[in-house]
Structures are given as structure tokens and as C-alpha cells.
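Summary of structural features
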Amino acid sequence: MSGVPDMRGGSVAVVGGSIAGCAAALAASRGGAERITVLERADSRLRDRGVGIALHSDRYDELRDAGYVAPEMPWAPLTRRVWSVRDGEADHGRVVGEQPFPFRAYSWGSLWSELRRRVPEGVSYRSGTVVTGVEPDADGVTLRLADGHRERFDAVIGADGYRSVVREAMFPGADAAYAGYIGWRGTSPEVADLPSDGHDAHNIVFPGGHCMIYRIPDGTGGHRLNWVLYTAPPEADGLHPDLRTPTSLPPGRLNSELTARLRALVADNFPPYWAARVLRTPAETTFIQPIYDLEVPHYTSGRMALVGDAASVARPHIGGGSVKALQDATALEAAWTAGGSWREVLESYDTARGPIGSAMVALARRMGAAQVEHTPDWSAMGRTAFDTWWQDQNEGSDRRSGFGGHSLKPR
């Protein structure tokens, strides 16, 4: 069952129906799979996820040409990144550095909705379907579902995030490792009086971390303020759960004492203007994202493949999460189109994406160390010192990858 007819007309399950899952379903459809089933554990509220995604303009061009993003997807332009530190009671603080920042800002939910609409009608997309087990054999994969049913497919794509059940079947025990700090995230409607023309991404820096703030579409023709604050949580009993086990703390589940500590950090370390915007963010739109690292020895095993965070997790400092998931899908489609058997397709995909995933994880670790774990003395830094610091932390990295994922183009 490894010849062309089997591969071109086979059945494929995509476990996970978020951005990575929708992109993988597109790749499988374009590759020629006859029957595609997407199994998503959440209900239809995926579209309500409002966090921001920043996509480098070069990456946008590549993904647009590949057919995975389009001009009509709602976005907000970003042109410059401004780094500021608190300076007494100066409303906006003191600027320590500026950089060109040619990015397009998206809302996760809006981008997912657009990708979901592009999934062909012939694809079966099943919300509220939980996969509890994955059983591979020589010619296919059987999935166990929480309702007791079992379904068999010729191939399975794991797009089920950093707690992937597909990855566990491929590489038992290959779990995400806690990086030692968190991202506190939120969105707010307050964008009317942003500095400049609203096209800047603002990095507010402080000892032991920083906060990135920028506009994203609100899904109704306007904009919201999106922010993510990176810092180590206080080391005290009862302030937070055991973050060493991959987890997340959605809105409504934040420990009140931990929230109070984070709010105090903002009040003490942010310029007044930016502190007000973060502290007035509605509680129902704030949550905590523990930061993890994850690498796997291969992106494929037998008739199984991984895309997005199921395959590798790079800290968000390089903006590679959703971008990498889309790039994984384009590589999978290319391998599928060119391959003559399941083995050829999956080996080609692994060769193309494995090294890039590892490189992104390594770069993100370096940036996390410099911007959160071992921050410089921001208060003593001027623009020249900032430029030197930035060059040092990026020494040896691929300039074409930048913030927002590696280039798809041949090197």
C-alpha cells in the first residue's frame, strides 16, 4: 500500500483544527488526499481567540505566493519597533532603541477564521472531538476517540499543539520543557491615542523582562491593543501551579495573588502611559502563557507527521509560532506533490523542516536569555549601547529569518 494510487487517494486525519490544522488540511487536499478529516477538541469558539500575531512582510509575501494567506485577511501595518524604559514620571518613558519593523499584525482568531473558510468543503471538520490515543502500524494509523470509537486512516498529521497526543505516540516522553518564565497576555480596546500613527510596536523594558505592545484588528473593522509581558513569576508557594508540566492559565483562572504581583510589577516599572493601558485591560481578556521549549528528533515517523507546535516550540520572541505552522504546511504540500509514495513524502518533509525547527528553537532561546533571563541595565543604556547589545545577541543568526520565521526560499 505504498504506491502512488494509495498516496494520492488515501485517507488522512489531521488531529487539531487551529491555524496549524487548517493549514495542514489545505496541504493534504492540494497534495491529492481523497478523504480528509480534521479532529478538533475545542468547539467553534476558536474564532474568539484575540491574541496578536506578527508576520514579517517577507514571510507574508512567501506565504501569499504559496496560497496560505491573502490580502483580504484583516491586518494592521507595523513599521518600527521602539524600545523604552521608565524615566521618572515621564509619561512615555525614555527611548533607548529603535529598529525598522516591517510586519503585518493579525488577530489569531481572525486569521484562523480566514483559514477555516479556505478549507475545502469536502474536508470533514469535526469540532468537539477528542483524540485520546494513536496506534500506528505498517500501513496506517488508528485513532482512539474519547467517545470510545476507533477510526483508521492511511496517514495522520499531528497539529495538536505542544501537548500533542500524536507526538507522544511518535516519541514517547518528548514533552515541552518549561523555560522558567511566563508571558502575561491581554487585549484592550484602548488604541485611540497611541503615540505616532499607531504603526509602532512598543517594547517596554524592565529588569528581568519586557512587554511588547502593538495594534491588531478587532474583527469589526477597528483595532485593539495587544500586549504580552515576559517575566519570571514569583517563587512562592501558592502563587502559581507547577508550570514544569505543559499547561496554560486561561482567563478566569489566574490566581489573584499572582495577578496582584504582576500588576505591581507594571505599576513600578512601566512609564505611566503604558502602565495605564496594561492595567486597564479587562480581566476577561487577560491570561498567562507559560513559555516552553520543544524539539523532536524527527518531524515524521511511519505514517505520522507533525506540524506547528506539535513538532517544535520556539519561544515567542521570534514570532515564529503561527508563521512556522503555515510554513510547515507549505513544505508538506510541496513534499506531497513531488513524492511518489508515503515514505518519500514524509522523508522529504522531515528533511526540509526538521533542521529549521531546531534552528528556530535555538535562536529563540538566545533571545529569551538576553531579553528576559539576563537583561542588561536598561536604565543606564543609550541608543549606541542598545545597538551594540542587539548586534551581540543576534550574532551568528540568519539575518533572513529575523523575527517571524525562516525564509521559505532556497539559501
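Residues numbered from 1 in each chain as written. Predicted model: local features only at pLDDT ≥ 70, side-chain atom pairs only at ≥ 80, totals over all residues. Heavy atoms only, no water.

1. So, the overall build of the chain
Quick note on the threshold: Here a strand is any run of E in DSSP of at least two residues, a helix any run of H or I of at least four, and the numbering for each starts at the N terminus. For every residue, the accessible area obtained with a 1.4 Å probe (protein chains only) is divided by the maximum for its type, and the residue is called buried under 20%, exposed over 50%, and partly exposed between those limits. By the convention used here, residues are in contact when the closest approach between their heavy atoms is within 4.5 Å. Per-residue accessibility takes into account occlusion by the displayed protein chains alone, with areas from the Shrake-Rupley method and a 1.4 Å probe.
In terms of regular secondary structure, the chain is built from 10 helices and 17 strands. Counting across all 411 residues of the chain, residues that qualify as buried make up 54%. Taking contacts inside the chain between residues at least 6 apart in sequence as the whole, the part at least 24 apart equals 74%. With the model as given, the accessible surface of the chain reaches about 16,600 Å², and the carbon-plus-sulfur share is 50%.

2. Here's the deal with the confidence of the model for the chain
The following threshold applies: Confidence scores per residue from the predictor, reported as pLDDT, run from 0 to 100.
Within the chain, residue pLDDT values average 88, and 87% of them lie at 70 or more. Predicted confidence for residues 1-5 stays below pLDDT 50, and this span has 12 contacts to residues more than four positions away or in other chains. Scored below 50 in pLDDT, residues 398-404 shows 27 contacts in the model against residues more than four places distant or in partner chains.

3. Details of the sheet that holds strand E11 (residues 177-188)
We apply this condition: Criterion used throughout: strands pair if DSSP finds at least two bridges between them. Here the axes come from fitting lines to C-alpha atoms, over the contacting stretch only for helices, and the angles between their N-to-C directions go from 0 to 180 degrees.
Across the sheet, eight strands lie side by side as E3-E5-E4-E12-E13-E14-E11-E15; this open sheet has mixed pairing. This sheet does not close on itself; its edge strands, each paired only once, are strand E3 (52-56) and strand E15 (286-293). Averaged over all pairs of adjacent strands, the angle between strand axes in this sheet comes to 30°, irrespective of strand direction. Bridging between strand E13 (residues 209-217) and strand E14 (residues 223-231) involves nine bridges; their strand directions are antiparallel. Bridge pairing in E14 places Gly209 opposite Thr231. Strand contacts of helix H3 (residues 57-65): E3 and strand E5 (94-107), with the helix running at about 85° to E3, the strand carrying the most contacts.

4. Regarding the sheet that holds strand E17 (residues 304-306)
In spatial order, the strands read E6-E2-E1-E10-E17-E16; together these six strands make up an open sheet with mixed pairing. Lying at the two open borders of the sheet, with one neighbouring strand each, are strand E6 (124-127) and strand E16 (300-301). Sheet topology places strand E2 (residues 35-40) next to E6; four bridges connect them, and they run parallel. When the sheet's bridge partners are listed, Thr37 is paired in E6 with Ser124.

5. Re helix H9 (residues 342-373)
Put simply, the rule reads: Helices are assigned an expected span. That span is 1.5 Å times one less than the residue count. Across the chain, bend at a residue is computed as the angle between axes fitted to the seven residues ending at that point and the seven starting from it.
Under the 1.5 Å per step criterion, the end-to-end length of H9 is 43 Å for 32 residues, consistent within 8% with the ideal 46 Å. Of all the bends in H9, the greatest reaches close to 30° and is centred on Arg353; the proline Pro355 follows between one and four positions later.

6. Remarks on the pairing of strand E7 (residues 131-137)
Pairing of E7 with strand E8 (residues 140-145) involves six bridges; the strand directions are antiparallel. Along E8, the bridge assignment pairs Glu135 with Thr142. Between E7 and E8, which follow one another and run antiparallel, lie two residues.

7. Focus on the packing of H3 against helix H8 (residues 321-338)
Note the cut-off: By the definition used in this description, the sense in which the near helix is turned from the far one sets the handedness, with an anticlockwise turn below a right angle giving left-handed and a clockwise turn giving right-handed. Throughout this entry, Asp, Glu, Lys and Arg are counted as charged residues, while Ala, Val, Leu, Ile, Met, Phe, Trp, Tyr, Cys and Pro are counted as nonpolar. The remaining residues, Gly among them, count as polar.
Contact geometry for H3 and H8: axes closest at 11 Å, N-to-C directions at 35°. Of the two elements, H3 crosses H8, and the hand of that crossing is left-handed. Along its contact with H3, which presents Arg59, Glu62 and Leu63, the element H8 presents Val323, Leu326, Gln327 and Thr330. Taken together, the residues of the contact of H3 with H8 break down into three nonpolar, two polar and two charged.

8. Thoughts on the pattern of salt bridges
Once their charged atoms are close, side chains differing in charge can pair, the charge on each being opposite to the other. For the record, the criterion: Take a side-chain nitrogen of Lys or Arg and a carboxyl oxygen of Asp or Glu: if they are within 4 Å of each other, that pair is a salt bridge.
Evaluation of the coordinates by the stated rule reveals 22 salt bridges. For the salt bridge of Arg80 with Asp200, the shortest nitrogen-to-oxygen distance reads 2.6 Å. With Arg80 in strand E4 (residues 76-85) and Asp200 in strand E12 (residues 200-206), this pair connects stretches of sequence that are 120 residues apart. For Asp200, a relative accessible area of 5% translates into the label buried. For Arg118, the salt bridge identified is with Glu114, shortest N-O distance 3.1 Å. Taken together, the positions of Arg118 and Glu114, both in helix H4 (residues 108-118) and four residues apart, correspond to about one turn of that helix.

9. Digging into the packing of aromatic side chains
Filter applied, for reference: Centres within 6.5 Å make a pair out of two Phe, Tyr or Trp rings, where for Trp the six-membered ring is used; the pair is then stacked when the planes are under 30 degrees apart, edge-to-face when over 60, and tilted otherwise.
Scanning the entire structure with this criterion turns up 16 aromatic pairs. An angle of 80° between the planes, with centres 5.1 Å apart, marks the rings of Trp184 and Trp227 as edge-to-face. Here Trp184, found in strand E11, pairs with Trp227, found in strand E14; they are 43 residues apart in sequence, far enough to count as distant. According to the relative accessible area criterion, Trp184 is buried, its value standing at 3%. Since its relative accessible area comes to 1%, Trp227 is described here as buried. Ring centres 6.5 Å apart and planes at 15° place the aromatic pair Phe386 and Trp390 in the stacked group. Of the two residues, Phe386 and Trp390 are both situated in helix H10 (residues 383-393); the distance of four residues between them amounts to about one turn of the helix. By the burial criterion, Phe386 is buried, and Trp390 matches it. By the ring-pair criterion, three or more aromatic residues cluster together here, those being Trp83, Trp378, Phe386, Trp389 and Trp390.

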